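So you can see what is in the structure, the chains are spelled out below.
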Amino acid sequence: CEPLLDPAKPLLPEHLAKLVTDTAAMRHPLYMASNLGFAYQVTGDPRYGKAGARLLTETCRLLGEYHPKLALDWPTGPSEYLPTAFDWLYDIMTDEQRRIVRGVLLNSTERLYRGAQQSAVGFSPMAENGSFVGNITVIIAGYLGMSAMALAGESGYDPKWLDAAVHMLQRGVETWYD
């Protein structure tokens, strides 16, 4: 985390070109923002928090600009990093930073929810008709649940997201341990 603490240093120079054309490349800057958020939570050092908030906001600003309909979901998206970074950095972020990140996270969470309902590969983890239940169901539930919990209490939060995540986890556990 130490190399990322210099506020004068650009955070995304080598990732910027890939970020706008390759959504899988987003994993790295969001992973770094999440790590900085973790370091901030563990140490209380605001340098980590400010650097993480800056990186998270800059990445989400680019996502909103170049990928406005993007779902940050499996298998290429950074679903676990965005909500954890938002949660861990929330108290040090400005209102404007929260607004930018919240917009991307709200969009991603809703798209992940809709994708779980009606998958492009022909299964629906939330369906009650005995459709596919497996590890991917639990992965989707985890991503959806993390995002829902990070957004709880925020404007635009929909409780159906957390309900769906719990439902999918229950189905996974019941199927595997029946």
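Residues numbered from 1 in each chain as written. Predicted model: local features only at pLDDT ≥ 70, side-chain atom pairs only at ≥ 80, totals over all residues. Heavy atoms only, no water.

### Looking at the packing of helix α2 (residues 27-43) against helix α4 (residues 81-89)
Operational definition: Whenever a helix is involved, its axis is fitted only over the stretch in contact; in every case the axis is a line through C-alpha atoms, and angles between N-to-C directions fall within 0 to 180 degrees. Where helices and strands are cited, they refer to DSSP runs of H or I of at least four residues and of E of at least two residues respectively, numbered from the N terminus. Comment on the angle field: the value is read as roughly parallel under 35 degrees, roughly antiparallel over 145, roughly perpendicular from 65 to 115, and oblique elsewhere. Should the near helix be turned anticlockwise from the far one by less than a right angle, the crossing is termed left-handed; should it be turned clockwise, right-handed. Only heavy atoms enter the contact rule, under which two residues are in contact if any of them lie within 4.5 Å. All residues other than Ala, Val, Leu, Ile, Met, Phe, Trp, Tyr, Cys, Pro, Asp, Glu, Lys and Arg, Gly among them, are scored as polar; the first ten of these are nonpolar and the last four charged.
For the pair α2 and α4, interaxial distance at closest approach is 8 Å and the crossing angle is 30 degrees. When the axes of α2 and α4 are compared, the pair comes out roughly parallel. Relative to α4, α2 is oriented so that their crossing is left-handed. Contact with α2, carried on its side by Arg27, Leu30, Tyr31, Ala33, Ser34, Gly37, Phe38, Tyr40 and Gln41, involves Tyr81, Leu82, Thr84, Ala85, Trp88 and Leu89 of α4 and no other residues of that element. In terms of residue class, the contact of α2 with α4 is made up of 10 nonpolar, 4 polar and 1 charged.

### A short note on the packing of α4 against helix α5 (residues 95-117)
The interhelical angle for the contact between α4 and α5, taken along N-to-C directions, is 150 degrees, at an axis separation of 11 Å. Relative to α5, the element α4 lies roughly antiparallel. Considering only the axes of α4 and α5, their crossing is left-handed. Between α4, through Leu82, Pro83 and Phe86, and α5, the contact on the second element is made entirely by Arg98, Val101, Arg102, Val104 and Leu105. When the residues that make up the contact of α4 with α5 are grouped by side-chain class, the tally is 6 nonpolar, no polar and 2 charged.

### Digging into the nonpolar core
Quick note on the threshold: We define a nonpolar core as any set of buried Ala, Val, Leu, Ile, Met, Phe, Trp, Tyr and Cys residues linked to one another through side-chain atoms lying within 4.5 Å. Relative accessible area decides the class of each residue, using a 1.4 Å probe on protein chains only: under 20% of the type maximum gives buried, over 50% gives exposed, and in between gives partly exposed.
Counting 42 residues, the largest nonpolar core has Leu56, Leu82 and Leu144 as its most contacted members. If you list the elements that add at least two residues to this core, you get α2, α3 (46-66), α4, α5, α6 (135-151) and α7 (160-176). Contacts of Leu56, omitting those with residues within four sequence positions, involve Leu30, Ala33, Leu82, Ala85, Phe86, Leu89, Met93 and Val101.

Coordinates in, geometry out; function isn't part of it.
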